[in-house]
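Chain by chain, the residues run as shown.
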Amino acid sequence: MIGYVRELEGTKLVVLCNLCEEENKVVWQSEWDSYELLLGNYSDGKVDGTLRPYECKVMRSI
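Let me begin by describing the structure that accompanies this report. Please read all numbers here as calculations on a predicted model, not as lab measurements.

**Comments concerning the packing of aromatic side chains**
- The full count for this structure, using the stated rule, is one aromatic pair.
- Ring centres of W28 and W32 lie 5.2 Å apart, and the angle between their planes is 90°; on these two criteria the pair is classed as edge-to-face.
- Residue class for W28 comes out partly exposed when judged on its relative accessible area of 23%.
- What makes W32 buried here is its relative accessible area of 9%.

**Considerations on the pairing of strand 6 (residues 56-60)**
- As defined by bridge partners, strand 2 (residues 11-17) adjoins strand 6 across five bridges and the pair is classed as antiparallel. Note on strand 6: the bridge partner recorded for L13 is R60.
- In the sheet, strand 4 (residues 36-40) pairs with strand 6 via four bridges, with the strands oriented antiparallel. Residue pairing across strands places G40 opposite K57, the latter belonging to strand 6.

The rules behind these values
Residues numbered from 1 in each chain as written. Predicted model: local features only at pLDDT ≥ 70, side-chain atom pairs only at ≥ 80, totals over all residues. Heavy atoms only, no water. Phe/Tyr/Trp six-rings, centres within 6.5 Å; stacked < 30°, edge-to-face > 60°. Buried < 20%, exposed > 50% of the residue type's maximum accessible area, 1.4 Å probe, protein only. Pairing = 2+ DSSP bridges. Helix = DSSP H or I, 4+ residues; strand = E, 2+ residues; numbered from the N terminus.

On their own, these measurements won't tell you what the molecule is for.
Okay, structure coming up:
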């Protein structure tokens, strides 16, 4: 699992990637609840603290 945050001029991007065959939990930050999903490789647009096998998400603060 890999994750990082980038910030520029008040906008934050959060990138979370599960590079494993198993589902993994993320230490979810409450501020991410209001973020919008910009990019993901699963079509349901689910945003929470669980990453499915090989799932990646890019979220942006709004």
